[in-house]
Amino acid sequence: MYFEIVTEVKANFETVVANFDQRLLTKVSPSFPPARLLRYDGNMPGNEVHVELNFLLFRQVWKSKIISFQKNEEDMVFVDEGTELPFFLSYWHHEHRVERKGQSSLIRDKVTFRTPLVITDYLMFPAMYLQFWSRKAKYRRYFRNLVFSEGGK
């Protein structure tokens, strides 16, 4: 399954790229299941991110590895792939892209995932899509507050 969510934020490209980090990840994490960041090495190839998901009755660890990173004057792209996934996923590929758009920026989340069964791919799709769609408001709030706290840069 594949989907893409695009969010425009009112912060310049340099600000968004400089703040695409551990703090942002914790701010855009879903409300449910609550996630606890266990490890965050960064966005460069070989770096790892480990998250513990709390499903109330049980917990699952999700580990991803950054497999690529590119940055130029117009965009920054890095990709993480799942290396240890919750039971309901068998494959995870997430491309994070930040694009310059005048004094604003576009954040693109491109997600490809699979579950153990094709039927559960379709059942999981709405939940996965909504998890990332909910990031739109979180991204906007985070960067609006960041720009405001920096004095409108």
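Since this is a predicted model, take the numbers as computed values, not measurements.

Trainee: It is not clear to me how the pattern of salt bridges should be interpreted in this structure. Could you clarify?
Mentor: Pairing is possible between side chains of opposite charge, provided their charged atoms come close. With the rule as written, the count across this model stands at 16 salt bridges. One salt bridge connects Lys 10 with Glu 8, and the closest N-O pair in it is separated by 3.4 Å. Judged by its relative accessible area of 63%, Lys 10 is exposed. Of the residues examined, Glu 8 reaches a relative accessible area of 25% and is grouped as partly exposed. Across the pair Glu 8 and Lys 101 runs a salt bridge, and its minimum N-O distance is 3.1 Å. Here Glu 8 is found in strand β1 (residues 2–9), whereas its partner Lys 101 is found in strand β6 (residues 91–101), with 93 residues between them in sequence. One network of salt bridges, with partners in common, ties together Glu 14, Glu 73, Glu 74 and Arg 100.

Trainee: Sorry if this is basic, but what is going on with the environment of Phe 32 here?
Mentor: You can see Phe 32 is positioned in the loop between α2 (22–28) and β2 (35–40). Taking the relative accessible area as the measure of exposure, Phe 32 reaches 43% and is therefore partly exposed. In sequence terms Phe 32 and Gln 131 are 99 residues apart; their C-alpha atoms lie 8.7 Å from each other. Residue contacts for Phe 32: discarding those within four places in its chain leaves Asn 54, Phe 55, Leu 56 and Gln 131.

Trainee: I'm lost on the sheet that holds strand β3 (residues 48–54) in this one. Help?
Mentor: By definition, the strands of a sheet pair up through backbone hydrogen bonds, in either a parallel or an antiparallel sense. Ordered by their spatial adjacency, seven strands build an open sheet running β1-β7-β6-β5-β4-β3-β2, and the pairing between neighbours is antiparallel. Lying at the two open borders of the sheet, with one neighbouring strand each, are β1 and β2. For this sheet, the mean angle separating the axes of adjacent strands, direction not counted, is 20°. As defined by bridge partners, strand β5 (residues 75–84) adjoins β6 across seven bridges and the pair is classed as antiparallel. Residue Val 79 lies in a different strand from β6, and its bridge partner there is Glu 95.

Trainee: Explain the side chain of Arg 108 to me, please; I cannot follow it from the model alone.
Mentor: With respect to the secondary-structure elements, Arg 108 resides in strand β7 (residues 104–114). Among the polar contacts made by the side chain of Arg 108, one reaches the side chain of Glu 4 at a distance of 2.9 Å. Once residues lying within four places of it in the same chain are set aside, the contact partners of Arg 108 are Glu 4, Ile 5, Val 6, Glu 95, His 96, Arg 97 and Glu 99.

Trainee: What am I meant to see in helix α3 (residues 118–133) here?
Mentor: Within an α-helix, residues lying three or four positions from one another point in the same direction, as the helix has 3.6 residues per turn. With 16 residues, α3 extends 22 Å from end C-alpha to end C-alpha; this agrees with the ideal 22 Å at 1.5 Å per step. Along its length, α3 shows its largest kink, about 40°, at Met 124, and proline Pro 126 lies within four residues downstream of that point. Within α3, burial applies to Asp 121, Met 128 and Phe 132.

Trainee: Would you take a moment to explain the pairing of strand β4 (residues 59–71) for this structure?
Mentor: Along any regular strand the residues' side chains alternate between the sheet's two faces. Both β3 and β4 contribute to a ladder of seven bridges, which runs antiparallel. Bridge assignment links Val 49 to a residue of β4, and that residue is Ser 64. As paired elements, β4 and β5 share eight bridges and run antiparallel to each other. Bridge pairing links Lys 65 to Glu 81 in β5. Between β4 and β5, which pair antiparallel one after the other, the connecting turn spans three residues.

Each value, and the rule that gives it
- Residues numbered from 1 in each chain as written.
- Predicted model: local features only at pLDDT ≥ 70, side-chain atom pairs only at ≥ 80, totals over all residues.
- Heavy atoms only, no water.
- Salt bridge = Lys/Arg side-chain N within 4 Å of Asp/Glu carboxyl O.
- Buried < 20%, exposed > 50% of the residue type's maximum accessible area, 1.4 Å probe, protein only.
- Helix = DSSP H or I, 4+ residues; strand = E, 2+ residues; numbered from the N terminus.
- Contact = heavy atoms within 4.5 Å.
- Pairing = 2+ DSSP bridges.
- Axes fitted to C-alpha atoms, helices over the stretch in contact; angles between N-to-C directions.
- Polar contact = N/O pair within 3.5 Å; in protein donor to acceptor, adjacent residues only side chain to side chain.
- Expected span 1.5 Å × (residues − 1).
- Bend = angle between axes of the 7 residues up to and from the residue.

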